[in-house]
Amino acid sequence: MAIMPPPPRSHQSSTGGDGDLQPAEPDTLEAHTTWYESSSSPAPPPKKPSSSSSSSSDSHDRPVRVFADGIYDLFHFGHARALEQAKNMFPNAYLLVGCCSDEITHRYKGKTVMTEAERYESLRHCKWVDEVIPDAPWVITQEFIDKHKIDYVAHDSLPYADASGAGKDVYEFVKAIGKFKETKRTDGISTSDIIMRIVKDYNEYVMRNLARGYTRKDLGVSYVKEKQLLVNMGITKLREKVKEHQEKLHTVAKTAGTHHSEWVENADRWVAGFLEKFEEGCHIMETAIKDRIQEGLKRQSSK
């Protein structure tokens, strides 16, 4: 009995439709060997990125570290706006804010209203600040820049006199190495302006605090000054009451049909005469108080 060879195998063409069969290429040992080796051999390990590309990617993703420094006494919206500008200089910025201590500030600039702890805490509550660096140096050095990995320093561009004697401008070194970024000042507001307002209306603020229960010792006011301010407070209240009654009299005069101009003229003359006499009496009383104090001091010194 003769053995017949099997018919050739057919495969579906990759391009043909259902039933569109094309004759397959004959299986060869080479084809089997190639398929076997490619499927059984392990996949090559993934390529590791080079150190140069990795470092460039890290530097691209790393936030830009911007440093702003100052005293920040009586922290106000001018300070906040400057910090906002520093924060928004780059899309991905990390804002470090340095604040000088009481010791270095009092030495090179003068007395502050707020303590260093109060100034540090005020900065921590500003939404633009990512990190507060206490006891910041008066002049920024390369060592300080390296320690905190600072990319740029932000401040207004006006020369800031270096009272420490290290240079003409405290930002002279930062500008020289190209790490300085300018912010704009807010007109009409500064710590000095706020202090000037208080000094200008000093008596009014002292009188206000005396009325709220503060003692003259709390306010650093002498005995004579206290009495003088209390008399002034009395005069002010009296003026307000007289003005109130005067307005009522004007209303009554209009209602009663009295000749208005004559009524107002007489009322004003009476009020002015009364206040003049009252202030004269207060001045006499103030002089008498001063004389009594001076006599007492003389007696103590003679004993």
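Residues numbered from 1 in each chain as written. Predicted model: local features only at pLDDT ≥ 70, side-chain atom pairs only at ≥ 80, totals over all residues. Heavy atoms only, no water.

Asks: When you look at the sheet that holds strand 6 (residues 152-156) in this model, what are you seeing that I'm missing?
Replies: Hydrogen bonding along the main chain pairs the strands of a sheet, whether they run parallel or antiparallel. Read across the open sheet, the five strands follow the order 5-4-3-6-7; overall the sheet is parallel. A single partner strand is all that each edge strand has here, and the edge strands are strand 5 (131-134) and strand 7 (180-183). Adjacent strand axes in the sheet meet at a mean angle of 30° when their direction is disregarded. Across seven bridges, the pairing between strand 3 (residues 64-70) and strand 4 (residues 93-99) is parallel. Directly across from V66, in strand 4, lies its bridge partner L95. The sheet strands contacting helix 3 (residues 77-87) are strand 3, strand 4, strand 6 and strand 7, and the helix crosses strand 4 at an angle near 140°. Taken strand by strand, helix 5 (residues 116-124) contacts strand 4 and strand 5, and its axis lies near 165° from that of strand 5. (Pairing = 2+ DSSP bridges. Helix = DSSP H or I, 4+ residues; strand = E, 2+ residues; numbered from the N terminus. Axes fitted to C-alpha atoms, helices over the stretch in contact; angles between N-to-C directions. Contact = heavy atoms within 4.5 Å.)

Asks: I'm lost on the packing of aromatic side chains in this one. Help?
Replies: To describe a pair of aromatic rings, you give the distance between the ring centres and the angle between the ring planes. Taken as a whole, this structure holds five aromatic pairs when the rule is applied. A ring pair is formed by F67 and F144, whose centres lie 5.2 Å apart and whose planes are at 65°; its orientation type is edge-to-face. With a gap of 77 residues between them, F67 in strand 3 and F144 in helix 6 (residues 142-147) connect regions that are remote in the sequence. Across the pair, F144 and F67 agree in class, each one buried. For the pair Y171 and F180, a centre-to-centre distance of 5.9 Å together with 55° between the ring planes defines the contact as tilted. Take Y171 and F180: they sit in the same class, and that class is buried. Its guanidinium or amino end placed over the ring of F180, K175 lies 5.0 Å from that ring's centre, counting from NZ or CZ. In this structure, K181 is placed above the aromatic ring of Y152, and the distance from its NZ or CZ to the ring centre is 5.0 Å. (Phe/Tyr/Trp six-rings, centres within 6.5 Å; stacked < 30°, edge-to-face > 60°. Buried < 20%, exposed > 50% of the residue type's maximum accessible area, 1.4 Å probe, protein only. Lys NZ or Arg CZ within 6 Å of the ring centre and 35° of its normal.)

Asks: Sorry if this is basic, but what is going on with the layout of surface pockets here?
Replies: Remark: the empty space left among the atoms is shown by a probe the size of a water molecule rolled over them. Volume-wise, the largest pocket comes out at about 870 Å³. H79, K109, H155, Y160 and R185 are, among the 37 residues lining the largest pocket, the residues nearest its centre. At the level of elements, strand 3, helix 3, strand 6 and helix 8 (191-200) are the ones that each hand at least two residues to the lining of the largest pocket. Counting residues per element, the lining of the largest pocket draws most heavily on helix 3, which supplies five residues. (1 Å grid on protein atoms, 1.4 Å probe; cavity = no way out; pocket = protein on both sides within 12 Å on 5 of 7 lines; lining within 4 Å. Points joined across faces, edges and corners; volume = space filled by probe spheres on them.)

Asks: Is there a simple way to think about empty space enclosed by the protein in this case?
Replies: Counting across every chain of the model gives one cavity of 30 Å³ or more. Approximately 40 Å³ is the volume attributed to the largest cavity. Every residue along the wall of the largest cavity is listed here: V224, K227, Q228, V231, M285, E286 and I289. Residue assignment for the lining of the largest cavity shows that the elements contributing at least two residues are helix 11 (223-256) and helix 12 (260-302). Of the residues forming the lining of the largest cavity, the biggest block, four residues, is contributed by helix 11. Classifying every residue of the lining of the largest cavity by side-chain character gives four nonpolar, one polar and two charged. (Nonpolar A, V, L, I, M, F, W, Y, C, P; charged D, E, K, R; others polar.)

Asks: Can you walk me through unusual backbone geometry in this structure?
Replies: Residues other than glycine predominantly adopt negative phi, and peptide bonds predominantly adopt the trans conformation. For L74, which is not a glycine, the phi torsion comes out positive at approximately 50°. Along the polypeptide, L74 turns up in the loop between strand 3 and helix 3.

Asks: Teacher, can you tell me more about the pattern of salt bridges here?
Replies: Two side chains carrying opposite charge are able to pair once their charged atoms lie near each other. One pass over the structure, following the stated rule, counts nine salt bridges. The salt bridge involving R119 is made with D102; its shortest N-O contact spans 2.8 Å. Within this pair, whereas R119 is found in helix 5, its partner D102 is found in helix 4 (residues 102-108), the two being separated by 17 residues in sequence. In terms of burial, R119 and D102 fall into one category: buried. The residue R107 makes a salt bridge to E103 at a minimum N-O spacing of 3.2 Å. Note that R107 and E103 are positioned in helix 4 at a spacing of four residues, about one turn of the helix. Like R107, the residue E103 is exposed in the burial classification. (Salt bridge = Lys/Arg side-chain N within 4 Å of Asp/Glu carboxyl O.)

None of this, on its own, says anything about what the molecule does.
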